[in-house]
Amino acid sequence: MISNFITMNGYGIFVWSSFVITFLVCGVVYYKTRKTLKKYEKEFAKEIGELSIQQKKTVLRNSKIASKILASYNKTI
Amino acid sequence: MLNFFHNSYIFFLIEKLINFINSIFFVLLLIALSFALIFSPPDYLQGESVRIMYVHVPAAWISLTSFSCIAIVSILNFIFKIKNLKLITKSIAPIGLMFTCIAIVTGSIWGQPTWGTFWAWDARITSMVIMALFYLIIIVIHKFFDEDDKANKISSIVAVIGLINIPIIKYSVEWWSTLHQPASIKITGSSTIHSSMLTPLLLMFFVLILYCALIFLMKYKTEIIKIKKKNLKRYDQ
């Protein structure tokens, strides 16, 4: 039964290669997109860290998004 | 209502949606794969090779929908000049290109056992390749133009020109004599696919749409962070 499932009556190579290619590409794109997002979150947090305390307070007060990016970055580390 | 379009609200929503999709995605993927690879029956003519349809068809649907979205958003951008619309087109294009390539490659693999060849320059396949080129041009424009406004303007024009190709792809199997079979699922009129095959097909489509949403949201979030990062430079000066 398992060998039937793998060979799929001779069509296994076509069926499995289609599914493997699809999900491999999806996995790689997911990994790269997530990595880029984390990289920018990290760079953003680093740049905020380099600001003076006064500037930092102003940025976080004026931009809700900035504080959210910082919060989401802090959650992941 | 206006609060809904506010950037910080959109950002908050993106975070929530990414977490939600991440939490349900793998369960749904397992269910969809079980239906596609185990529970669905083989075709009376094509045998087990019909299972390729469960990745090929959703990928083709997504690639067509993505391009239509880009073109419609580009037109809206021309009219209303909303800043967020530019980010949407920029985020969708790579997803569209990926699924167009998946549709072409899986279609080519499916072609070998059904048509006896991996490739034929038939109308459907050629028009899909042309769409992939349009996606590629849009991505390259965004990557290599320094001025955002100029890049958006040119990529929008390309997207609108590319929109002409969408009905060509859709009706190519009816207008020309092609190797590709006509559509089995019709929005208007009766479909010629059995429910035992339609269920896994729709399940796989739903899972891949969720995946697209996940990638889109992550890319959109990255674009917002890039803008905020640029804005931070003002405080440095």
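Residues numbered from 1 in each chain as written. Chains lettered and ligands numbered in written order. Predicted model: local features only at pLDDT ≥ 70, side-chain atom pairs only at ≥ 80, totals over all residues. Heavy atoms only, no water.

A.B. asks: Break down the state of the cysteines for me, citing the residues and quoting the values.
C.D. replies: What the rule picks out here adds up to 0 disulfides over all chains. Summary of cysteine pairing: Cys-26 of chain A is not part of a disulfide, and the nearest cysteine sulfur, belonging to Cys-212 of chain B, is at 7.6 Å. Counting only cysteine sulfurs, Cys-212 of chain B is the nearest neighbor of Cys-69 of chain B, a cysteine outside any disulfide, at a range of 10 Å. Residue classification places Cys-69 of chain B among the partly exposed residues on the basis of a relative accessible area of 33%. (Disulfide = S-S within 2.5 Å. Buried < 20%, exposed > 50% of the residue type's maximum accessible area, 1.4 Å probe, protein only.)

A.B. asks: Report on the nonpolar core, specifying residues and quantitative values.
C.D. replies: Phe-19 of chain A together with Met-53, Tyr-54, Phe-99 and Met-131 of chain B are the most contacted members of the largest nonpolar core, which totals 82 residues. Discounting chain neighbours no more than four positions away, the residues touching Met-131 of chain B are Ser-63, Leu-64, Phe-67, Thr-100, Asn-165, Ile-166 and Ile-169 of chain B. (Core = buried A, V, L, I, M, F, W, Y, C linked by side-chain atoms within 4.5 Å. Contact = heavy atoms within 4.5 Å.)

A.B. asks: Kindly report on the environment of Ala-183 of chain B, identifying the contributing residues and their values.
C.D. replies: All names here are of chain B. Positionally, Ala-183 belongs in the loop between α6 (165-175) and α7 (195-236). Owing to a relative accessible area of 33%, Ala-183 belongs among the partly exposed residues under this scheme. Separated by 13 residues in the primary sequence, Ala-183 and Lys-170 have C-alpha atoms spaced 8.7 Å apart. (Helix = DSSP H or I, 4+ residues; strand = E, 2+ residues; numbered from the N terminus.)

A.B. asks: Describe α6 of chain B, listing the residues and the values that go with them.
C.D. replies: All names here are of chain B. The complete set of buried residues in α6 reads Asn-165, Ile-166, Ile-169, Ser-172 and Val-173. Projected onto a plane normal to the axis of α6, the buried residues spread over an arc of 145 degrees and lie on a single side. Among the exposed residues of α6, those oriented more than 90 degrees off its buried face are Glu-174 and Trp-175. Where α6 is buried, its residues touch α2 (53-80), α4 (123-144) and α5 (148-162). (Arc of directions from axis to C-beta.)

A.B. asks: So, the interface of chain A and chain B: which residues are in play, and what are the values?
C.D. replies: On the chain B side, the residues contacting the 39 residues of chain A number 45 residues. Roughly 3800 Å² is buried in total at the junction of chain A and chain B, and carbon and sulfur atoms are behind 79% of that figure. Scanning the region where chain A abuts chain B turns up 3 salt bridges. In this structure, the salt-bridge partner of Lys-229 of chain B is Glu-47 of chain A, at a minimum N-O distance of 3.6 Å. For the interface between chain A and chain B, the tally reads 4 residue pairs in polar contact (both at pLDDT 80 or more). Counting residues per element, the ones that place at least two in the side of chain A that touches chain B are α2 (12-49), α3 (53-62) and α4 (64-76) of chain A. (Buried area = accessible area lost by both parts, 1.4 Å probe. Salt bridge = Lys/Arg side-chain N within 4 Å of Asp/Glu carboxyl O. Polar contact = N/O pair within 3.5 Å; in protein donor to acceptor, adjacent residues only side chain to side chain.)

A.B. asks: Which residues make up α4 of chain B, and what values do they have?
C.D. replies: Residue and element names in this part refer to chain B. Taking 1.5 Å per residue, 22 residues should reach 32 Å; α4 reaches 31 Å between its end C-alpha atoms and fits that length. Buried within α4 we find Arg-124, Ile-125, Ser-127, Met-128, Met-131, Ala-132, Phe-134, Tyr-135, Ile-138, Ile-141 and His-142. Next to the buried residues of α4 lie α2, α3 (83-115), α5 and α6. A distance of 3.3 Å separates the backbone nitrogen of Arg-124 from a side-chain oxygen at the start of α4, and that oxygen is part of Asp-122. (Expected span 1.5 Å × (residues − 1).)

A.B. asks: Give me a nonpolar patch on the surface: which residues, what numbers.
C.D. replies: All names here are of chain B. Together, Ile-72, Ile-75, Leu-76, Phe-78, Ile-79, Phe-80, Ile-82, Ile-157, Ile-161 and Ile-164 line one region of the surface with nonpolar side chains, adding up to about 920 Å² of accessible area. Broken down by secondary-structure element, the contributors of at least two residues to the nonpolar patch are α2 and α5. Here the element with the most residues in the nonpolar patch is α2; it accounts for 6 residues. Counting through the fold element by element, Ile-161 comes out in helix α5. Under the relative-accessibility criterion, Ile-161 is labelled partly exposed at 46%. (Patch = residues over 30% accessible without salt bridge, like charges linked within 9 Å, V, L, I, M, F, W, Y side chains within 5 Å. Areas by Shrake-Rupley, 256 points an atom, 1.4 Å probe, with all protein chains shown as cover.)

A.B. asks: Report on the side chain of Ser-66 of chain B, specifying residues and quantitative values.
C.D. replies: All names here are of chain B. Topologically, Ser-66 is positioned in helix α2. At a separation of 2.8 Å, a polar atom in the side chain of Ser-66 contacts the main-chain carbonyl oxygen of Ile-62. Apart from residues no more than four positions distant in its own chain, Ser-66 is found in contact with Ile-92, Gly-96 and Tyr-135.

A.B. asks: Outline the environment of Phe-99 of chain B, listing residues and values.
C.D. replies: Mapped onto the fold, Phe-99 of chain B is located in helix α3. Note: C-alpha distance between Phe-99 of chain B and Val-55 of chain B (44 residues apart in sequence) is 9.8 Å. Setting aside chain neighbours within four positions, we find Phe-99 of chain B in contact with Cys-26 of chain A together with Ala-59, Ile-62, Ser-63, Leu-208, Tyr-211 and Cys-212 of chain B.

A.B. asks: Tell me about the pattern of salt bridges, and please be specific about residues and values.
C.D. replies: The final tally for this structure, using the stated rule, is 10 salt bridges over all chains. Its salt-bridge partner being Lys-86 of chain B, residue Asp-149 of chain B comes within 3.1 Å of it at the nearest N-O pair. Taken together, the residues Asp-149 of chain B in helix α5 and Lys-86 of chain B in helix α3 connect sequence positions 63 residues apart. Judged by relative accessible area, Asp-149 of chain B falls into the exposed class, the value being 54%. Judged by its relative accessible area of 22%, Lys-86 of chain B is partly exposed. Three or more residues are tied together by salt bridges with common partners; here these are Lys-38 and Glu-41 of chain A together with Glu-15 and Lys-221 of chain B.

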